[in-house]
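# A structural walkthrough
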Amino acid sequence: MEVGLKMALKGGGGGDHVGGCEKEKMGFEETELRLGLPGGGGEGGEVVRKRGFSETVDLKLNLSSKQDTSGIDPIDEKVTGLNKEKNLLLSAIDPAKPPAKAQVVGWPPVRSFRKNMLAAGSQKSSSDESSGEKVAFVKVSMDGAPYLRKVDLRMYTSYHQLSDALAKMFSSFTIGNCGSQGVKDFMNESKLMDLLNGSDYVPTYEDKDGDWMLVGDVPWEMFVESCKRLRIMKGTEAIGLAPKAVEKCKKRS
Amino acid sequence: MMNYFPDEVLEHVFDFITCHKDRNSVSLVCKSWHRIERYSRRRVFIGNCYSISPERLIARFPGVKSLTLKGKPHFADFNLVPYDWGGFVYPWIKVLAETGIGLEELRLKRMVVSDESLELISKTFVNFQSLVLVSCDGFSADGLAAIAANCRFLRELDLQENEVDDHRGHWLSCFPESCTSLVSLNFACLKGEVNLGALERLVSRSPNLKSLRLNRSVPLDTLQKLLMRAPQLVDLGIGSYVHDPSSEASNKLKHAIQRCKSIMSLSGFLEVAPRCMSAIYPICGNLTTLNLSYAPGIHGNKLTKLIQHCRKLQRLWILDCIGDKGLGVVASTCKELQELRVFPSDPFGAGNDAVTEEGLVLVSAGCPKLNSLLYFCQQMTNAALITVAKNCPNFIRFRLCILDPVRPDPVTNQPLDEGFGAIVQSCKRLKRLSLSGLLTDQVFLYIGMYAEQLEMLSIAFAADSDKGMLYVLNGCKKLRKLEIRDCPFGNAALLEDVGKYETMRSLWMSSCEVTLGGCKTVAEMMPSLNVEIINESDQTEFNLDDGQKVDKMYLYRTLVGHRKDAPESVWIL
């Protein structure tokens, strides 16, 4: 009860209005002023925000200075505070940008772990979208196989998955080490040498430049975007390829 | 009368009392009950690891087998606490190891867990069975490898939302062939790849495996193989779910999923192609728990279609891209729903497809059993909250987060005092409440008056004056945890009743009006409290003036005085 009455009585004493804000629409100038302002922060931006929130935004932008509260009448302090802060804010905050979009530490209260997971996920999906294509079919040939296949690279999200799919596709042709660990092993140089010297198969691809590369060197997304066709070579044939691939890789890094 | 029973009889009776609160009460009845209770106590819950020391724990409960510890304050989840604040589990493990405790179960939340700790656990406690880590950090896959390799009777390894440095994915291979006791394995939070062959073999030799939650790196065909080997699963977390619905792989998967007739809980879908979801439909009818809060790839029609198959859902965690309409589908389908969590798909608060008060009202109308809510939304109205309060008087947990934290009722431009007031008045069993939106002191008056069972309250950007905090401290007799940020509460509120804080676990206040002097006074008056001032700024001249406002204060009751492991940024008064 008491609180409610207070809200009605306190008029807009010394009302400070930052240019361009929609206070009238919100209609609680009175309440705005009454609110306890830690450090006497002001308002900023188009849409009205409670002093605490905008003050927090200000702090993150290193604008407002902390003030002492020592028994000063709250209203006077707020008015002084508002006056003091107004100039700083006007100069530093673009009024067209609502404070809600600015990032206040710890708001919204979502666990960092969750934020990171979702951010990682959206990066992935946006990179898919930016390439503009929903499908990426490439021809896959395997040395010795009577016919070629086609795979949609966008069906997979890692070398593991592609490797498994290829293994299945060509399983009748004894693909050997192109199984689940196969591609992973190729990322390990010493193992690569062992495998290439054997008669096992090696997945290679033709990139945008027309060069034949070893599968597995670059991050998956980069691979999907640059891969034009796949060829599963016999290990013995790929020996000539490997040093070139390593060279190209070294040049890049 | 009970005094004539031999101790063994009493002990047997106490065995049936498992709830911590009840056991605590039992121990207060008389000396002999206290004695018998302490020796027979197996499970101990410590809500603040700095409230007691491991030595005292063991002195009182020498037979402890299961320990739950919580470390950092809740707001650490939102980056408000320095990473090195504390909450180290190693000292606990060390003491437990040295005193020969036969630890079997360890559950940690928001603690710093080093690889060294994990190694020590794995090598010391012969009968160690269960490790549950929630929101912890400080360890890597090496620590996990030690647990896998050395805990011969491991039943549960449950990693929930931890920040793990998993640079080497070999830990799964460290489970010896002799390990066949696994009941629960959850590594969904790990980012690295795992040895798929080792995983398949592990699942094959774990006939008791009921809960399996995979991470992003486990591909579809491995999933299919795992399901074929573990059709008895009750809880499944799918990592990667991308396949061509018309392919043979997809058919095989459908067949494997259908064999799993016991699955009641489904989660994950960290990578997902929405058109593949139909393979899941056959098991949806049995689901009681569904967590799609990490699956932004499922939305719109695909999402609602999935939910329409889930008539038995009791717990649903989703993203706000479900929209109000989607929540309408939840309301008409999930009549058994008890817990709903709607997370923001854009965690930085832009909230373009967020839900509004409409969705919540629909759910409250359709799901009368709703008792637990976490709801991130664009906006909320008093009318909606009043309706929700009427529809669902059974709320135990009610956490509302309006993405713009000071937004008033958009229809009336009023603060949301009346709405939340209706919630606390109607929900007599409310234990946990989080507020947001434009709020004045009035809402706190209501909370103080009506929220008699309230144990935990979270406040941000609210209130007009000290009165708000005072209403709460005076009114909520069962309050245990109070966390406040960016509110105009100052020394007057803080110092009004310092004895109250001894009845609570902790109080957090950040960006409020309390000063250093006020905090010092609390510390002086109450030696049983640790009053910590956290100052993260790089100011070389930390102003020691008592009139200086304190950025972050965290106080908690303790039996063991000041902790010795606080970093530079923390000052214990």
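Definitions and limits used
- Residues numbered from 1 in each chain as written.
- Chains lettered and ligands numbered in written order.
- Predicted model: local features only at pLDDT ≥ 70, side-chain atom pairs only at ≥ 80, totals over all residues.
- Heavy atoms only, no water.
- Helix = DSSP H or I, 4+ residues; strand = E, 2+ residues; numbered from the N terminus.
- Buried < 20%, exposed > 50% of the residue type's maximum accessible area, 1.4 Å probe, protein only.
- Contact = heavy atoms within 4.5 Å.
- Areas by Shrake-Rupley, 256 points an atom, 1.4 Å probe, with all protein chains shown as cover.
- Pairing = 2+ DSSP bridges.
- Axes fitted to C-alpha atoms, helices over the stretch in contact; angles between N-to-C directions.
- Salt bridge = Lys/Arg side-chain N within 4 Å of Asp/Glu carboxyl O.
- pLDDT = per-residue confidence, 0-100.
- Left-handed = near helix turned anticlockwise from the far one by under 90°.
- Nonpolar A, V, L, I, M, F, W, Y, C, P; charged D, E, K, R; others polar.
- Phe/Tyr/Trp six-rings, centres within 6.5 Å; stacked < 30°, edge-to-face > 60°.
- Patch = residues over 30% accessible without salt bridge, like charges linked within 9 Å, V, L, I, M, F, W, Y side chains within 5 Å.
- Right-handed = clockwise from strand over helix to strand, strands pointing away.
- Parallel < 35°, antiparallel > 145°, perpendicular 65-115°, else oblique.
- UniProt positions renumbered as here; feature names shortened; annotations may be inferred.

### A few points about the overall build of chain A
On a plain count of helices and strands, chain A comes out with 12 helices and 5 strands. Taking all 253 residues of chain A together, the buried fraction comes to 46%. In chain A, the proportion of contacts linking residues at least 24 apart, taken out of those at least 6 apart, comes to 56%. Accessible surface, chain A: about 12300 Å² in total, of which carbon and sulfur atoms supply 54%.

### With respect to the overall build of chain B
When its secondary structure is counted, chain B shows 20 helices and 23 strands. Its C-alpha atoms put chain B at 70 × 65 × 65 Å along the principal axes. Of all 573 residues assigned to chain B, the portion counted as buried reaches 61%. Here chain B displays about 21600 Å² of accessible surface, and carbon together with sulfur accounts for 52% of that area.

### Overview of the sheet that holds strand 3 (residues 201-206) of chain A
All names here are of chain A. Here 5 strands make up an open sheet; going across it, the order is 2-1-5-3-4 and the pairing mixed. Each edge of the open sheet is held by one strand with a lone partner, namely strand 2 (149-152) and strand 4 (212-214). The mean inter-strand angle of the sheet, taken between neighbouring strand axes irrespective of direction, is 35°. With 4 bridges joining them, strand 1 (residues 137-142) and strand 2 adopt antiparallel strand pairing. When the sheet's bridge partners are listed, Val140 is paired in strand 2 with Arg149.

### Concerning helix 18 (residues 466-475) of chain B
Those residues of helix 18 of chain B that fall on the buried side of the exposure criterion are Gly468, Met469, Leu470, Val472, Leu473 and Gly475 of chain B. Of the surrounding secondary structure, the elements contacted by the buried residues of helix 18 of chain B are helix 17 (441-450), strand 18 (456-460), strand 19 (481-485), helix 19 (491-495) and strand 20 (506-510) of chain B.

### Observations regarding the pattern of salt bridges
One pass over the structure, following the stated rule, counts 29 salt bridges over all chains. Asp137 of chain B serves as the salt-bridge partner of Lys72 of chain B, at 3.4 Å between the closest nitrogen and oxygen. You can see Lys72 of chain B sitting in the loop between strand 2 (66-70) and helix 5 (90-98) and its partner Asp137 of chain B sitting in strand 5 (residues 137-140), a full 65 residues away along the chain. Arg107 of chain B is paired through a salt bridge with Glu105 of chain B; the nearest N and O atoms lie 3.9 Å apart. Take Arg107 of chain B: its relative accessible area is 32%, and that puts it in the partly exposed class. Ionic contacts of the salt-bridge type, sharing partners, join the residues Arg111 and Arg114 of chain A together with Asp77, Arg110 and Glu161 of chain B into one network.

### Notes on the confidence of the model for chain B
Residues of chain B with pLDDT of at least 70 account for 97%, and the chain-wide mean is 93. On the interface metric, ipTM, the complex scores 0.89, and its pTM is 0.74.

### Some remarks on the packing of helix 9 (residues 220-229) of chain B against helix 10 (residues 248-259) of chain B
Residue and element names in this part refer to chain B. One way to put it is that helix 9 packs onto helix 10 with a least axis distance of 9 Å and a crossing angle of 35°. The element helix 9 and its partner helix 10 pack so that their crossing is left-handed. Between helix 9 and helix 10, the residues in contact are Leu220, Leu223, Gln224, Leu227 and Met228 and Lys252, Leu253, His255, Ala256, Ile257 and Arg259, respectively. Its residues assigned to classes, the contact of helix 9 with helix 10 shows 7 nonpolar, 2 polar and 2 charged.

### Structural notes on the packing of aromatic side chains
Residue and element names in this part refer to chain B. All told, the structure shown has 21 aromatic pairs over all chains when counted by the stated rule. Residues Phe75 and Phe78 carry aromatic rings whose centres are separated by 5.9 Å and whose planes lie at 50° to one another, so their mutual orientation is tilted. Assessed through its relative accessible area of 6%, Phe75 is described here as buried. Classification of Phe78 by relative accessible area gives buried; the value is 9%. Ring centres 5.4 Å apart and planes at 85° place the aromatic pair Tyr241 and Phe269 in the edge-to-face group. With a gap of 28 residues between them, Tyr241 in strand 10 (residues 235-241) and Phe269 in strand 11 (residues 265-272) connect regions that are remote in the sequence. The two residues Tyr241 and Phe269 agree in class, both being buried.

### Here's the deal with a nonpolar patch on the surface
Taken together, Phe5, Val9 and Val13 of chain B make up a surface patch of nonpolar side chains, about 210 Å² in accessible area. Take Val13 of chain B: it is sitting in helix 1 (residues 7-15).

### Quick look at the pairing of strand 3 (residues 105-109) of chain B
All names here are of chain B. Where strand 2 lies against strand 3, 5 bridges are found, and the strand directions are parallel. Bridge pairing in strand 3 links Ser66 to Glu105. Following the backbone out of strand 2, through helix 5 and into the adjacent parallel strand 3, one traces a crossover that is right-handed. Direction of pairing for strand 3 relative to strand 4 (residues 130-134): parallel, over a ladder of 5 bridges. Paired with Lys109 across the two strands is Val134, which belongs to strand 4. Crossover strand 3 to strand 4 through helix 6 (residues 115-124) is right-handed.

### Looking at the packing of helix 1 of chain B against helix 3 (residues 31-40) of chain B
All names here are of chain B. Contact geometry of helix 1 with helix 3 gives a least axis separation of 10 Å together with a crossing angle of 60°. Relative to helix 3, the element helix 1 is oriented oblique. The handedness of the crossing between helix 1 and helix 3 comes out as right-handed. Only Trp33, Arg35, Ile36, Glu37 and Ser40 of helix 3 make contact with helix 1, whose side of the interface consists of Asp7, Leu10, Glu11 and Phe14. Looking at side-chain class alone, the contact of helix 1 with helix 3 contains 4 nonpolar, 1 polar and 4 charged residues.

### Side note on the UniProt feature "domain: F-box" (unreviewed entry) in chain B
UniProt marks residues 5-46 of chain B with the feature "domain: F-box" (unreviewed entry), using the numbering shown here. End-to-end, the C-alpha atoms of residues 5-46 of chain B are 31 Å apart, and along that stretch the chain is 62% helix and 10% strand.

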